[in-house]
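# An overview of the molecular structure
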Amino acid sequence: MFTEEQLIVKLTEFRSMPIETEWLEFKEAKKDFDSRKLGKYFSALSNEANLKKKQSGWLIFGIKDKLPRTIVGTRYRISKKDLESLKHEIAQQTNGITFQEIYEVEVNKKRVILMQIPAALPGIPTSWQGHYHGRNGSSLGALSLPEQDEIRNQAPKDWSTELCPNASIKDLDRDALKLARKKVASKNSRLKAVIKKWKDEVFLEKIKLLQDGQLTRAAIILLGKPEASVRLSPHPVQITWRLMGEEEGYEHFGPPFLLNIEEIYNKIRNVNYRIQPFNRLLPVEIAKYDPNIVLEALNNCIAHQDYFQNARIIVTEYRDKLVLQNIGNFFDGKVEDYLLHERTPYRYRNTLLAQAMVSLDMIDTLGMGIRRMFHEQRKRFMPMPEYDLSDRNNVKMIIPGTIINENYTRILIEKKDLELTDVLALDRIQKKQKISSEAARGLKKRNLIEGRYPAVYISAAVAEIASDKARYIKNRGFHDAHYEKMILKYLDKFKTATRREIDELILNKLPEIFEPGQKIKKISNLLSKMKKNRLIINSGIKSKPLWKRTKIDKIKNRK
């Protein structure tokens, strides 16, 4: 990050640069700026920074784009929270990357925003809504095909295909080799008898783990003895399991990963939940974690780890979730592409390793693993997994291990025909995350949710199914007349009330779904409405109101 002094120096340097600097753009943006156009600039400046060998591109608001680049100031997203939320909004529409940082500085008493945009990753042009953008001088347009190829040709070599000249068959674990033969045979039943007759060298050549008579790094990772990990130095070749919470612990697991992923899964504590569905005699029993989901996630970490960075894969077990982390960006496309659009990946970071894992029935190459994990979790009536890609060099997958909202779980039990998109939206609601207005409208039409967008919650009908009327009332709150009566009764007893006293009276009675700021605004609107209806008057001043009842008794007419 840059200090304010460093940013002022940078800004002075940027303002002196030629207009046609392709990785740098100035915009006045006095009040607002079109979000779609901003996304296109993000893509273009990221790609141009890569092509011009810069670490970052820059988009700067509050300065004219024509020399001498006069500072005019900007009111774009005055709220710090709104400005920071831009990072998430951009990440949702790009191939998983967003701003490195967004800075605000004051120059001559005028606000300037400097947005630092990371250069496109080697081998992966930065997209916006599925399209690649670039610049020709100061003009914004599509990234040319030669420029796309230039970025794609920067892709690093396949770490897993490199040979281990000092390794031999003796470095491989016999049990792992035996299991590997069994798995390959189960996928090729017609060759089952032939596979049994193959020598180890022939078998390994067939699944491409032996090349030119030498073992590959992929062979050591999947089938190597624990002590063979020295052949891959300086890479640690480890998956670390950590237990966090009241009890703590850890253990490192090395090769052979084909065997040891089962050992890692066995370290995880997996209890059962019982849920009583509506109008059913027998409860439904659900395991905390499904083994297929955990093993799929583990294998994905192994296949997609950026081994050039010499880092471990980490599996952290908390009381209520598992977090699996592998180093490196989400390599090809976005999570939503695989989850909702059945995308097939164009390439893999570790092509040989991925191909070998397919042969050994550890993963598939059609990109269906992510979708399968979400569908399995849905069948188990549990909260959906999540991907945290906020760190562009670290992929985190979170598998919930507890029920967050029984209403959500019971809905999945009762309504098995829900589309995955609906389940994902309901899952976000139970996690108190924002959903799109379009998704909210769809759920509302089917009486699955209520409330004024974005403060939506499970509807009354669903609450009755879930036998949770109390929580429904807490979420829905009461009609305005109920709160007005409370205020008027308070004034009858104490004659006057400050805003602070009214807040203390009402705040904890408002819907739990409201944010603190929404609750304050709700009370302000309520007081304004009561004043307009001549139920109360302000006997104080505007900045320090002191509320009293009027002599007109309107409340009787409101019963």
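In this text the structure is predicted, and so the values were computed from the model without any measurement.

Another aspect to go through is the packing of aromatic side chains. Here the structure, examined in full by the defined rule, presents twelve aromatic pairs. An angle of 15° between the planes, with centres 4.8 Å apart, marks the rings of Trp 159 and Tyr 307 as stacked. A residue pair is termed long-range when its members are at least 10 positions apart, and Trp 159 in the loop between helix H4 (145-152) and helix H5 (174-187) and Tyr 307 in the loop between helix H10 (291-304) and strand S14 (313-317) qualify at 148 residues. Of the two residues, Trp 159 and Tyr 307, neither departs from the other in class, the shared state being buried. In this arrangement the basic side chain of Lys 321 is found over the ring face of Tyr 318, its NZ or CZ atom lying 5.2 Å from the centre.

Our next topic: the sheet that holds strand S20 (residues 496-498). Strands sit in the order S20-S22-S21 across an open sheet of three strands; the sheet is antiparallel. Strand pairing shows two members of the sheet lacking a second neighbour, S20 and strand S21 (536-538), which therefore form its edges. Each strand axis lies, on average, 30° off the axis of its neighbour in the sheet, ignoring direction. As judged from the three bridges shared by S21 and strand S22 (residues 546-549), these two strands associate in the antiparallel manner. Each residue of the ladder has a partner; that of Ile 536, found in S22, is Arg 549.

Next up on the list: the nonpolar core. Within the largest apolar cluster, 95 residues are counted, with the highest numbers of intra-cluster contacts made by Leu 204, Ile 221, Leu 223 and Ile 302. The dominant element in this core, judged by the number of residues it contributes, is H10, at eight residues. Beyond its immediate stretch of four places on either side in the chain, Leu 204 contacts Ile 169, Leu 172, Leu 177, Leu 209, Leu 210, Leu 215 and Leu 223. If you look at the next biggest cluster of nonpolar residues, it comprises 19 residues, including Ile 90, Phe 99, Ile 113 and Trp 128.

All right, on to the sheet that holds strand S16 (residues 386-388) then. Taken together, the six strands give an open sheet; going across it, the order is S11-S10-S14-S15-S17-S16, and neighbouring strands pair in mixed fashion. The open sheet has two free edges, formed respectively by strand S11 (249-253) and S16, since each of these has just one partner strand. When the angles between neighbouring strand axes are averaged without regard to direction, this sheet yields 15°. Pairing between S14 and strand S15 (residues 321-327): four bridges, direction antiparallel. If you follow Ile 314 over to S15, its bridge partner there is Gln 325. Sheet strands touched by helix H9 (residues 257-267): strand S10 (239-243), S11 and S14. Its angle to S11, the strand with the most contacts, is close to 170°.

Burial of the side chains of strand S13 (residues 284-287) is restricted to one face: Val 284 and Ile 286 are buried, whereas none of Glu 285 and Ala 287 on the reverse face is. Pairing of strand S12 (residues 272-275) with S13, which is carried by four bridges, proceeds in the antiparallel orientation. Of the residues in S13, the one forming a bridge with Ile 275 is Val 284.

To continue, consider the pattern of salt bridges. Counted according to the given criterion, the structure contains 27 salt bridges. Taking the shortest distance from any N to any O, the salt bridge between Arg 111 and Glu 104 comes out at 2.7 Å. The salt bridge involving Arg 269 is made with Glu 317; its shortest N-O contact spans 3.4 Å. Here the residue Arg 269 occupies a position in the loop between H9 and S12, and Glu 317 occupies one in strand S14, the gap between them amounting to 48 residues. Exposure remark for Glu 317: the relative accessible area of 1% places this residue in the buried category. A single network of salt bridges, built from pairs that share partners, joins Glu 22, Glu 48 and Lys 52.

A separate point is unusual backbone geometry. The step from Leu 67 to Pro 68 runs through a cis peptide bond, and the omega angle for that step is 10°. Tracing the backbone through its elements, the reader meets Pro 68 in the loop between strand S2 (56-61) and helix H3 (80-93). Cis geometry is found at the peptide bond from Ser 233 to Pro 234, where omega equals 15°. Inspection of the secondary structure puts Pro 234 in the loop between helix H8 (217-223) and S10. With phi around 55°, Asp 212 is a residue other than glycine that occupies positive phi space. Mapping Asp 212 onto the fold places it in the loop between strand S8 (210-211) and strand S9 (214-215). Backbone geometry places Phe 381, a non-glycine residue, at a positive phi of 65°. Position of Phe 381 among the secondary structure elements: in the loop between helix H13 (369-379) and S16. Owing to a relative accessible area of 12%, Phe 381 belongs among the buried residues under this scheme.

Cut-offs applied
Residues numbered from 1 in each chain as written. Predicted model: local features only at pLDDT ≥ 70, side-chain atom pairs only at ≥ 80, totals over all residues. Heavy atoms only, no water. Phe/Tyr/Trp six-rings, centres within 6.5 Å; stacked < 30°, edge-to-face > 60°. Helix = DSSP H or I, 4+ residues; strand = E, 2+ residues; numbered from the N terminus. Buried < 20%, exposed > 50% of the residue type's maximum accessible area, 1.4 Å probe, protein only. Lys NZ or Arg CZ within 6 Å of the ring centre and 35° of its normal. Pairing = 2+ DSSP bridges. Axes fitted to C-alpha atoms, helices over the stretch in contact; angles between N-to-C directions. Core = buried A, V, L, I, M, F, W, Y, C linked by side-chain atoms within 4.5 Å. Contact = heavy atoms within 4.5 Å. Salt bridge = Lys/Arg side-chain N within 4 Å of Asp/Glu carboxyl O.

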